[in-house]
Amino acid sequence: GPPISEPRIILDVVYILELTLHVPVSLLAFILYVKKSPSRFIVEACVSGAQIAGVYAYYLPEGLTGGHNWPNDRPVIWWLGIGAGVVWAIVPILLLARSAKILNAAVATASQGDKVKGQ
């Protein structure tokens, strides 16, 4: 096929990342939630990290180069686009924080159990 144009390459890399990593790991997280597996929080943290990195990779290059491809003549569309980007970052940050809190509590509980066994 034709070569990918340089301005689009970053977006295409993000799309490929979503297809090959983010979607399969998200599906795994969903399955683990359905099964109520304790490991869902580890996978959720991975999915959240991938989502946050994807948002940065998708929006940041355009923002750093002046946002020339964003529709400046239609402020509502611009704010919806940027607003969606913010939501795509805030929700995974909150999920990552929740997963970290749950995993930290689990590790602390396991450590307490190990101390009791060692006495």
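This one's a predicted model, so the numbers in the text were calculated from it and none came from an experiment. (Residues numbered from 1 in each chain as written. Predicted model: local features only at pLDDT ≥ 70, side-chain atom pairs only at ≥ 80, totals over all residues. Heavy atoms only, no water.)

Engineer: Please explain the overall build of the chain as it appears in this structure.
Structural biologist: Regarding its fold elements, the chain presents three helices and zero strands. Helices and strands in the chain line up, N terminus first, as α-α-α. Of the accessible surface of the chain, which amounts to about 8,700 Å², a share of 72% is contributed by carbon and sulfur atoms. (Helix = DSSP H or I, 4+ residues; strand = E, 2+ residues; numbered from the N terminus. Areas by Shrake-Rupley, 256 points an atom, 1.4 Å probe, with all protein chains shown as cover.)

Engineer: When you look at the packing of aromatic side chains in this model, what are you seeing that I'm missing?
Structural biologist: Two descriptors summarise a pair of aromatic rings, namely the distance from one centre to the other and the angle between the planes of the rings. Counted according to the given criterion, the structure contains three aromatic pairs. Look at Tyr15 and Tyr58: their rings are 6.0 Å apart centre to centre, the planes differ by 55 degrees, and that puts the pair in the tilted class. On the criterion of sequence distance, the pair formed by Tyr15 in helix H1 (residues 6-34) and Tyr58 in helix H2 (residues 40-64) is long-range, its members being 43 residues apart. Pairing Tyr58 with Tyr59 gives two aromatic rings, centres 5.1 Å apart and planes at 70 degrees, and the pair type is edge-to-face. The exposure class assigned to Tyr58 is partly exposed, which follows from its relative accessible area of 30%. Each residue in the set Tyr15, Tyr58 and Tyr59 is aromatic and connected to the rest through ring pairs, giving one cluster. The ring of Tyr33 has Arg40 sitting right over it, with the charged end atom 5.2 Å from the ring centre. (Phe/Tyr/Trp six-rings, centres within 6.5 Å; stacked < 30°, edge-to-face > 60°. Buried < 20%, exposed > 50% of the residue type's maximum accessible area, 1.4 Å probe, protein only. Lys NZ or Arg CZ within 6 Å of the ring centre and 35° of its normal.)

Engineer: Looking at this structure, how should I read the environment of Tyr15?
Structural biologist: Using a relative accessible area of 35% as the deciding quantity, one classes Tyr15 as partly exposed. In sequence terms Tyr15 and Gly54 are 39 residues apart; their C-alpha atoms lie 9.0 Å from each other. When neighbours within four sequence positions are excluded, Tyr15 is seen to be in contact with Arg8 and Tyr58. (Contact = heavy atoms within 4.5 Å.)

Engineer: Can you walk me through unusual backbone geometry in this structure?
Structural biologist: In terms of backbone geometry, most residues other than glycine have negative phi values and most peptide bonds are trans. Of note in the backbone geometry, Lys36 takes a positive phi value of approximately 55 degrees without being a glycine. Along the polypeptide, Lys36 turns up in the loop between H1 and H2.

Engineer: Just to check I follow, could you spell out the pattern of salt bridges for this structure?
Structural biologist: Side-chain pairing between opposite charges can occur once the charged atoms of the two side chains come close. In total, this model carries one salt bridge according to the counting rule given. The shortest N-O distance in the salt bridge between Glu44 and Arg98 comes to 2.5 Å. Taken as a pair, Glu44 in helix H2 and Arg98 in helix H3 (residues 75-118) lie far apart in primary sequence, 54 residues in all. (Salt bridge = Lys/Arg side-chain N within 4 Å of Asp/Glu carboxyl O.)

Engineer: Before we go on, may I ask you to explain the confidence of the model for the chain in this structure?
Structural biologist: Do not read the fine detail of predicted coordinates wherever pLDDT is low. Of the residues in the chain, 90% have a pLDDT of 70 or more, and the chain-wide mean is 86. Per-element averaging of pLDDT across the chain places H3 at the bottom with 86 and H2 at the top with 90. (pLDDT = per-residue confidence, 0-100.)

Engineer: Looking at this structure, I do not really get the environment of Leu103. What am I missing?
Structural biologist: Structurally, Leu103 is set in helix H3. Separated by 61 residues in the primary sequence, Leu103 and Ile42 place their C-alpha atoms 7.6 Å from one another. Here Leu103 is in contact with Phe41 and Ile42, once residues within four sequence places are set aside.

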